[in-house]
Amino acid sequence: MKTPPSELENGVEDIFEYYKEELDITDASEGSKRHKNSALKKFKEYLKNNGFAVLENGEYQYDLSGFGRRDAKKFLKWLKYNDDLDRSTASVYSIQIKQFVEFYNRIGYFAWNPIATELETFDFEVDHNTTKKHIPMNTLRTEIRNTKDQVDFTVIFLLAKWGARRSELSNLNLDDIHLDHPLYNK
């Protein structure tokens, strides 16, 4: 079901900024917004490098009117083999870009969603059967007690305590960490 044409009366000058505003209106979580913004940043990078953006007055203007099925396939392949992303992140980004295009499809800005069409048959080959290493508790205790560097201590402590993944540690803020350790007060 398409949104009534009155939705388009608001005018969409920058499809990326309008979408970000939409995320704020729908009360998306900060984490969700951050992940979607990262996906959009990658999509914009691809568009700039593949002729879908023009630099005007110091800002890029994006034109997706000619972005079709083959362009979507090329974009997904670019995501999959992007050195900056692992396969699982690329897979998540592809779904977030699909949702971005689907939003504009619903309000009548785009006629269809080529990303969704190509995702039906595209495989990111993500390995979901990762094995976890077992480390004895005594080894963990010794390693934590012998760690002198604050950053190393924080990483090791968090990994041991909560099983946090490396990618989750990069999203931590100082407010998220409370350490009861002699190095914390230095």
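Worth saying up front: this structure is predicted, and the values here are computed from it rather than measured. In this numbering scheme, every chain counts its residues from 1 along its sequence in written order. Local features in this predicted model are restricted to residues of pLDDT 70 or higher, and side-chain atom pairs are both shown and tallied only at a pLDDT of 80 or more, whereas totals for entire chains, interfaces and linings draw on every residue. By convention in this description, side-chain values take in all heavy atoms of the structure and omit both hydrogens and water.

S.K.: Go over the environment of Ser 88, please, and point to the residues and values.
M.R.: Topologically, Ser 88 is positioned in helix H4 (residues 87–106). The spatial distance from the C-alpha of Ser 88 to the C-alpha of Phe 124 is 7.5 Å, given a sequence separation of 36 residues. Nitrogen and oxygen atoms within 3.5 Å of one another constitute a polar contact, given that in protein one can donate a hydrogen and the other can accept it, and given that sequence-neighbouring residues count only through two side-chain atoms. Polar contacts involving the side chain of Ser 88 include one to the side chain of Asp 86, which spans 3.0 Å. Numbering of helices and strands runs from the N terminus, with a helix taken as a DSSP run of H or I at least four residues long and a strand as a DSSP run of E at least two residues long.

S.K.: Can you lay out the pairing of strand S1 (residues 53–56) for me, pointing to particular residues and giving the numbers?
M.R.: Any two strands between which DSSP finds at least two bridges are classified as paired. With 4 bridges joining them, S1 and strand S2 (residues 59–62) adopt antiparallel strand pairing. Residue pairing across strands places Glu 56 opposite Glu 59, the latter belonging to S2. Counting the residues in the hairpin turn of S1 and S2 gives 2 residues, including Asn 57, whose phi is positive at 55°.

S.K.: Account for H4, naming residues and giving values.
M.R.: Here, expected helix span is obtained from the residue count minus one, scaled by 1.5 Å. Along its 20 residues, H4 runs 28 Å from first to last C-alpha, staying within 8% of the 28 Å computed at 1.5 Å per residue. To sort residues, take the accessible area from a 1.4 Å probe on protein chains only and compare it with the maximum for the residue type: under 20% means buried, over 50% means exposed, and anything in between is partly exposed. Burial in H4 covers these residues: Ala 90, Tyr 93, Ser 94, Gln 96, Ile 97, Phe 100, Val 101, Phe 103, Tyr 104 and Asn 105. Each element contacted by the buried residues of H4 is listed here: helix H1 (15–25), helix H2 (30–49), helix H3 (69–80) and helix H5 (114–119). Throughout, a residue-residue contact means that at least one pair of heavy atoms, one from each residue, lies within 4.5 Å.

S.K.: Run through the pattern of salt bridges, naming residues and quoting values.
M.R.: Side chains bearing opposite charge may pair, as long as their charged atoms lie close to each other. Salt bridge, as applied in this entry: a Lys or Arg side-chain nitrogen positioned within 4 Å of an Asp or Glu carboxyl oxygen. Using the criterion set out here, one finds 7 salt bridges in the structure. Residues participating in the shared-partner salt-bridge network are Asp 24, Glu 30 and Lys 33.

S.K.: Go over the confidence of the model for the protein, please, and point to the residues and values.
M.R.: Mean pLDDT over the protein: 80, with 75% of residues reaching 70 or higher. Confidence of the predictor in every single residue is expressed as pLDDT, which spans 0 to 100. Here helix H8 (residues 166–169) is the element of the protein with the lowest mean pLDDT, 56, and H3 is the one with the highest, 94.

S.K.: Residues and numbers for the nonpolar core, please.
M.R.: If you look at the biggest cluster of nonpolar residues, it comprises 33 residues, and the most contacted ones within it are Phe 43, Leu 47, Phe 67, Phe 75, Phe 100 and Tyr 104. Broken down by secondary-structure element, the contributors of at least two residues to this core are H1, H2, H3, H4 and H5. Element by element, the count of residues in this core is highest for H4, at 7 residues. Joining through side-chain atoms within 4.5 Å is the link that ties buried Ala, Val, Leu, Ile, Met, Phe, Trp, Tyr and Cys residues into a set, and such a set is a nonpolar core.

S.K.: Could you give me a rundown of the packing of H2 against H4, with the residues and numbers involved?
M.R.: H4 packs onto H2 with a crossing angle of 85° between their chain directions and a minimal axis gap of 9 Å. Relative to H4, H2 is oriented roughly perpendicular. Across the interface between the two elements, His 35, Lys 36, Ser 38, Ala 39, Leu 40, Lys 42 and Phe 43 from H2 touch Tyr 93, Gln 96, Ile 97, Gln 99 and Phe 100 from H4. Under this scheme, a helix contributes an axis fitted over its contacting stretch, all axes are lines through C-alpha atoms, and angles between N-to-C directions fall in the 0 to 180 degree range. By definition in this entry, angles of less than 35 degrees are roughly parallel, angles greater than 145 are roughly antiparallel, angles of 65 to 115 are roughly perpendicular, and the rest are oblique.

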